[in-house]
Amino acid sequence: MTRNLDDFQRPDPALLARARVLPSATIHEAMGRIGALPAILKPVIPGMVLCGPAVTVKAKPINNINLHRAIYRARPGDVLVVDVGDGYEAGYFGEIMAHAATMCKLGGMVINGCVRDADLLEEIGFPVFSRGLAIRGTLKEEGGGVNLPITMGDVLVNPGDLVVGDRDGVVVVAQANIETALGASEAREAKELAIIEDIKAGQRTLDMYGWTDGTGS
């Protein structure tokens, strides 16, 4: 019997709500500095953010048929995470697909390739994180698949993993580690708020962390 690749468990909505208020960098640091996708992946429009379960897409380079398919196989709130291999120089996603993804109430997209129609993407408001912009068109040849494990940089991404993106970048949390990662992230945020209050009260970071001032004295 063939397994339904779309039938995977998604994180509890309560965990997603906690994740939405946390910065990507905080989650990355709190997990032990893991899970950060390549730094070149940034929001197409500053201010775009995303948070949701991953629906993974393996695209054949310069082809986007699986991305079209994934839009309709995903559920509301899901984030498409798209690997294009080394076929970076193409606009895999644009105005029409953004409207389609919006109609399906998806949570956003992260792609290690390029997209196009930037002004229209801003108008539509669908969160897109990419390597940049490219006008080169794509083909519809078969290859790759939807909801298979993919790798971006040094991060393995599986369907159902947590994806959080903001202006700083994108972090992925393996589904089994989400609750632990969020607890550590919340504790880190509280600690940093206390540190900031100490700095505002006049303390020096060098003294707080026990570092020298570099003068050798």
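These notes cover the structure that comes with them. (Residues numbered from 1 in each chain as written. Predicted model: local features only at pLDDT ≥ 70, side-chain atom pairs only at ≥ 80, totals over all residues. Heavy atoms only, no water.)

### Observations concerning the pairing of strand S12 (residues 169–173)
The buried fraction of S12 amounts to five of the five residues, a majority that puts the element mostly inside the structure. Burial along S12 is two-sided: Gly169, Val171 and Val173 facing one way and Val170 and Val172 facing the other are all buried. Sheet topology note: the strand S11 (residues 162–166)/S12 ladder contains five bridges and is antiparallel. Each bridged residue has a counterpart across the sheet, and for Val164 the counterpart in S12 is Val171. (Buried < 20%, exposed > 50% of the residue type's maximum accessible area, 1.4 Å probe, protein only. Helix = DSSP H or I, 4+ residues; strand = E, 2+ residues; numbered from the N terminus. Pairing = 2+ DSSP bridges.)

### Details of the layout of surface pockets
Size it by volume and the largest pocket reaches roughly 160 Å³. Asn64, Gly94, Ile96, Met97 and Arg116 are, among the 13 residues lining the largest pocket, the residues nearest its centre. Take the lining of the largest pocket: its biggest share by element is three residues, from helix H4 (residues 95–103). Of the residues belonging to the lining of the largest pocket, the class tally is four nonpolar, five polar and four charged. (1 Å grid on protein atoms, 1.4 Å probe; cavity = no way out; pocket = protein on both sides within 12 Å on 5 of 7 lines; lining within 4 Å. Points joined across faces, edges and corners; volume = space filled by probe spheres on them. Nonpolar A, V, L, I, M, F, W, Y, C, P; charged D, E, K, R; others polar.)

### A few points about unusual backbone geometry
Both trends apply: most residues other than glycine have a negative phi, and most peptide bonds are in trans. Located in the positive-phi region is Asp117, a residue other than glycine, with phi close to 65°. Mapped onto the elements of the fold, Asp117 is located in the loop between strand S5 (114–115) and helix H5 (118–124). With a phi close to 60°, Asn147 is a non-glycine residue in the positive phi region. Along the chain, Asn147 falls in the loop between strand S8 (144–146) and strand S9 (150–152).

### Overview of the packing of aromatic side chains
Going through the model one piece at a time under the given rule, you end up with two aromatic pairs. Residues Phe93 and Phe126 carry aromatic rings whose centres are separated by 5.8 Å and whose planes lie at 25° to one another, so their mutual orientation is stacked. Here the residue Phe93 occupies a position in the loop between strand S3 (79–83) and H4, and Phe126 occupies one in the loop between H5 and strand S6 (128–130), the gap between them amounting to 33 residues. What makes Phe126 buried here is its relative accessible area of 3%. Geometrically, the ring pair formed by Tyr209 and Trp211 is stacked, given 4.6 Å between the ring centres and 20° between the ring planes. On the basis of relative accessibility, which here comes to 41%, the residue Tyr209 falls in the partly exposed class. Judged by relative accessible area, Trp211 falls into the exposed class, the value being 52%. Taking NZ or CZ as reference, Arg131 lies 3.7 Å from the ring centre of Tyr88, over its face. (Phe/Tyr/Trp six-rings, centres within 6.5 Å; stacked < 30°, edge-to-face > 60°. Lys NZ or Arg CZ within 6 Å of the ring centre and 35° of its normal.)

### Some thoughts on the state of the cysteines
Across all of its chains, the model carries zero disulfides by this definition. Just so you know, Cys51 is unpaired, no disulfide at all, and the nearest cysteine sulfur is the one on Cys104, 19 Å from it. (Disulfide = S-S within 2.5 Å.)

### A short note on the packing of helix H3 (residues 65–73) against H4
H4 packs onto H3 with a crossing angle of 20° between their chain directions and a minimal axis gap of 9 Å. With respect to H4, the axis of H3 lies roughly parallel. Remark: the crossing between H3 and H4 carries left-handed chirality. Here H3 contributes Leu67, His68, Ile71 and Tyr72 to the contact with H4, which in turn contributes Met97, Ala100 and Ala101. Residue composition of the contact of H3 with H4, grouped by class: six nonpolar, one polar and no charged. (Axes fitted to C-alpha atoms, helices over the stretch in contact; angles between N-to-C directions. Parallel < 35°, antiparallel > 145°, perpendicular 65-115°, else oblique. Left-handed = near helix turned anticlockwise from the far one by under 90°. Contact = heavy atoms within 4.5 Å.)

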